Amino acid sequence: MEPHAIYGPTIPHQVFMIFQCMFAVITPALITGAFAERMRFGPFLVFSLLWATFVYNPLVHWMWGNGGWLARLGALDFAGGVPVHLSSGVAAVSAAIIMGKRRGYGTEELKPHNLPMTILGAGLLWFGWFGFNAGSALSASSLAGSAFVATHVAGTTGALAWIAMEWKFIGKATTLGAASGAVAGLATVTPASGFVGPLSAALIGLAAGAGCYMGIKMKNRFGYDDSLDVVGIHGVGGVIGLLAVGLFASKAVNPSGADGLFFGNASQLGVQTIAILATIIYVFAGSFVILKIVDIVFGLRVPDHDEVSGLDLTQHDETAYTSQ
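Enquirer: Please explain the packing of aromatic side chains as it appears in this structure.
Expert: Two descriptors summarise a pair of aromatic rings, namely the distance from one centre to the other and the angle between the planes of the rings. Tallying each qualifying case throughout the model produces 16 aromatic pairs. Ring geometry for Tyr7 and Phe16: centres 5.9 Å apart, planes at 0°, overall stacked. Look at Tyr7 and you get partly exposed, because its relative accessible area is 32%. Judged by its relative accessible area of 13%, Phe16 falls in the buried class. Ring pairs connect the aromatic residues Phe19, Phe23, Trp64, Trp129 and Phe132, which therefore count as one cluster. The aromatic ring of Phe169 is capped on one face by Lys168, whose charged end is 5.7 Å from the ring centroid.

This is the structure:
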C-alpha cells in the first residue's frame, strides 16, 4: 500500500506531511508563552527539538497513528486537542515551575506593550485556525465545511463569554480580553470541530470563554508565572474541548466518529477522560525531564541583567523600536 493511502487518501502524501509539520512546529511555539522573557535562545532550540521528538511525536502516534493506543481505545480528537493544546498547556506548567518567575512579577504591572499588534495577531490566528481545523478533514468536503463553521462559531462565543466575565469581575470589557476569549474558543473547539454541529460549537465556545478566564486566575492562586497564559487558555481549553467531544460528538455530523453523552453514548466521555489523564501524566513528566537535562547541560535562564535589558537586545541584538 502506498504511504499516502494510509493517512491522507484524498491528498498527496507530501501535502499531508507538510500539513502535519504545521502542527508539530506550532506546539513548541505555544509553550514559549510560559517562559517568555526568561529562556536563552540556544537552549530553547535544543528543548524544542527534544520535546517535539520525545513528547509530541508519541502523542501524535497515540492519537492519530495507525495502531495508536488512544485511537484503538476510541478517543476522538479532530485537530489537536491532545498533541497540541493540552500538551502545550501541561508542558507550560513544567516550564513555569523550572524557570521561575520573571523579575518584577507580582510587584510590577506587566501588560502587553503593543495592543494593536496583539489584536492583529489574534486576527491572523483566527484566520489560520480555519486551515488548522477544517484542513484536518483532508478534503474539500461537507465535513471540512462543518469544521470550518464550528471553529468560527466557537471563536465568536468564546470572545463574548470572556468579555462577559470581565464585565462581571472587573467591570470593563477589553479588546485584549476579546482576543483572549476568541483564542480560547478556537483552541477549545479544536478537538471537537469535526464532530459537533454549530449549536454545540457555540456552547463549547461559551464554556471556553468562561472556563479559560477562570483558568488564568489559577496562576495567581498557585503562584507560577505563565507569561502568556498558555496553561489557562490552551491547557484548560484542551481539557474542556476533549471533554466536550465526549458530550457533544454526533455521528450525524461525522459518521467516522462516535456519539457523545448527549447523543446516547455515555462511554465516550470516559474514553476522553482517559486520553486527558494519560496526556497530562506523560507530558508533565517528559517535559520536566527534558527541561532539567537542558538546564544542567546548557543552562536555561538568562542572567538578570539580560532580562532587564530585554531578550530582543541581549539574545538577538535587535529591538522592536529604535529612537531617532
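Don't stop here, the text continues.
Enquirer: Hey, could you run me through the side chain of Ser87 in this one?
Expert: The topology assignment puts Ser87 in helix 5 (residues 81-99). Judged by its relative accessible area of 0%, Ser87 falls in the buried class. Excluding its chain neighbours within four sequence positions, the residues that come into contact with Ser87 are Thr27, Trp51, Leu59, Gly81, Val82, Thr279 and Val283.

Enquirer: Quick question: what am I supposed to make of the pattern of salt bridges here?
Expert: Side-chain pairs of opposite charge can arise whenever the charged atoms involved come near each other. Taken as a whole and assessed by the stated rule, the structure comprises 6 salt bridges. Measuring nitrogen to oxygen at the nearest pair gives 2.8 Å for the salt bridge that ties Arg102 to Asp225. Here the residue Arg102 occupies a position in the loop between helix 5 and helix 6 (115-134), and Asp225 occupies one in the loop between helix 10 (218-222) and helix 11 (230-248), the gap between them amounting to 123 residues. With a relative accessible area of 10%, Arg102 lands in the buried category. Note on Asp225: relative accessible area 0%, which makes it buried. What emerges from the salt-bridge pattern is a single network uniting Glu37, Arg38, Arg102 and Asp225.

Enquirer: Is there a simple way to think about the layout of surface pockets in this case?
Expert: Any empty space left between the atoms is revealed when a probe the size of a water molecule rolls over them. By volume, the second largest pocket amounts to about 870 Å³. In terms of lining, the second largest pocket is formed by 28 residues, of which the most central are Tyr7, Trp64, Phe78, Ser136 and Leu138. Among the secondary structure elements, those contributing two or more residues to the lining of the second largest pocket are helix 1 (4-7), helix 2 (13-31) and helix 3 (41-64). Among the elements that make up the lining of the second largest pocket, the one with the highest residue count is helix 3 (6 residues). Per-class residue counts for the lining of the second largest pocket are 17 nonpolar, 10 polar and 1 charged.

Reading guide: rules and limits
- Residues numbered from 1 in each chain as written.
- Predicted model: local features only at pLDDT ≥ 70, side-chain atom pairs only at ≥ 80, totals over all residues.
- Heavy atoms only, no water.
- Phe/Tyr/Trp six-rings, centres within 6.5 Å; stacked < 30°, edge-to-face > 60°.
- Buried < 20%, exposed > 50% of the residue type's maximum accessible area, 1.4 Å probe, protein only.
- Lys NZ or Arg CZ within 6 Å of the ring centre and 35° of its normal.
- Helix = DSSP H or I, 4+ residues; strand = E, 2+ residues; numbered from the N terminus.
- Contact = heavy atoms within 4.5 Å.
- Salt bridge = Lys/Arg side-chain N within 4 Å of Asp/Glu carboxyl O.
- 1 Å grid on protein atoms, 1.4 Å probe; cavity = no way out; pocket = protein on both sides within 12 Å on 5 of 7 lines; lining within 4 Å.
- Points joined across faces, edges and corners; volume = space filled by probe spheres on them.
- Nonpolar A, V, L, I, M, F, W, Y, C, P; charged D, E, K, R; others polar.

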